[in-house]
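# Overview (structure and organization)
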Amino acid sequence: MSDTSKPKRYRMVSKFYREKYGEKVYKLPVALPLTCPNRDGSAGVGGCVFCGEIGAGYENRPAWMTVQMQLDENIAHIAPKYKAYKYIPYYQNFSNTYLNLEDFRAYMEAGCIDSALGIAIATRPDCIAEEYLEILKDIQEKYNKDIYIELGLQSVNYHTLEKINRGHSMAEFIDAVLRIKRYGFNVTTHMILNLPWDTMEDTIEGAKILSALGVDQVKLHALYIVKNTLMAKWYQEGQFTLISAEEYADRVIAFLRHLDPNIVLQRLVGRAPEDNTLFTNWSMGWWRVQDLIDERMEALDAHQGDLCNYLNGRAVRKFL
């Protein structure tokens, strides 16, 4: 199990929540009855090659349940178990701004319960438009809730984005971040650091781009091979190989070292049920992968941002 007694060499979200809100805060997953534009033909068909039929969130309640029902059930489980009484409803599955404006407002307002400090909305870069941001600004002011928008990106390599059928390029991601930041909302970016077509150079470039754009939080995880996906077919056919856990740890460390030290990490490794996947975290517990990252980082005496020296005109600093 991960050693929580040692101070982390990177900035984790649990500490960020305590500093911002003064107490423990828990995210409550919410599933809505929706899809993605690269599943229904608007941006593509079939979805991302690694994404299963339920999208993200293996711990979600069924999408047919109302938002209030899902929140009530999650709170009943989490409050006594984790002693957490303040929450951030997290609209997690698929693209949660891929809705008509009326439904979008209704679903988002349903999450603004008294014990919620904010709402978090997972979506895609090509599903960010001013009209939706205006609704979120109105909700923020009306209910006094913080707005967290989580954008799936996964890779900054445009060849990889095409290979995994993301249905958007880096341009849409940059546009989405800039638009969201103008409203003052918190931006989280999801990244997979061991996609088979990416290199260590792509990993480092990803950290640099996210730092330059000023994203607020990053969520990392290793690639899952979900059953009955195109990625699973390629994996079973031997069309690619995956890097080792040690190599993944090295990529995470390189990413962190080049990442702005003010950016908050939601996680360094995720988890998925083994019965849904052909490959998950090298058949190790997620905490063992995180321990591996921590151990190697300590051996290097490395810290988040200790190589973040490339912004604000690096070449002219000798004149300043």
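Residues numbered from 1 in each chain as written. Predicted model: local features only at pLDDT ≥ 70, side-chain atom pairs only at ≥ 80, totals over all residues. Heavy atoms only, no water.

### Quick look at the sheet that holds strand β5 (residues 186-192)
In space, the seven strands of this open sheet follow the order β1-β2-β3-β4-β5-β6-β8, with parallel pairing throughout. One side of each edge strand has no neighbouring strand; the edge strands of this open sheet are β1 (25-30) and β8 (264-267). Here the strands of the sheet are splayed against their neighbours by 25° on average, with no regard to which way each runs. Sheet analysis places β5 next to strand β6 (residues 217-221), joined by five bridges and oriented parallel. From the neighbouring strand, His-190 faces β6, where its bridge partner is Lys-219. This element, helix α9 (residues 245-258), spans β6 and β8 of the sheet and lies at about 170° to β6. (Pairing = 2+ DSSP bridges. Helix = DSSP H or I, 4+ residues; strand = E, 2+ residues; numbered from the N terminus. Axes fitted to C-alpha atoms, helices over the stretch in contact; angles between N-to-C directions. Contact = heavy atoms within 4.5 Å.)

### Structural notes on the nonpolar core
Core analysis: the largest hydrophobic core is formed by 85 residues, its most contacted members being Val-218, Leu-220 and Tyr-248. Here Tyr-248 is in contact with Leu-193, Asn-194, Leu-220, His-221, Ala-222, Ile-243, Leu-268, Val-269, Trp-282, Val-289 and Ile-293, once residues within four sequence places are set aside. If you look at the next biggest cluster of nonpolar residues, it comprises eleven residues, including Tyr-17, Ile-88, Tyr-90 and Tyr-148. (Core = buried A, V, L, I, M, F, W, Y, C linked by side-chain atoms within 4.5 Å. Buried < 20%, exposed > 50% of the residue type's maximum accessible area, 1.4 Å probe, protein only.)

### Some thoughts on the environment of Asn-144
Residue position: Asn-144 is located in the loop between α4 (130-143) and β4 (146-154). Owing to a relative accessible area of 66%, Asn-144 belongs among the exposed residues under this scheme. When residues no more than four places from it in sequence are discounted, the contact partners of Asn-144 are Leu-117 and Ile-139.

### Structural notes on the packing of α9 against helix α10 (residues 286-300)
Running from N to C, α9 and α10 cross one another at 60°; their axes reach a closest spacing of 9 Å. The angle between the axes of α9 and α10 places the two elements in the oblique class. In this structure, α9 crosses over α10, and the sense of that crossing is right-handed. From α9, Ala-245, Glu-246, Tyr-248, Ala-249, Asp-250, Val-252, Ile-253 and Leu-256 reach across to α10, where they touch Val-289, Leu-292, Ile-293, Arg-296, Met-297 and Leu-300. Across the contact of α9 with α10, the residue classes tally to eleven nonpolar, no polar and three charged. (Parallel < 35°, antiparallel > 145°, perpendicular 65-115°, else oblique. Left-handed = near helix turned anticlockwise from the far one by under 90°. Nonpolar A, V, L, I, M, F, W, Y, C, P; charged D, E, K, R; others polar.)

Geometry only, nothing functional implied.
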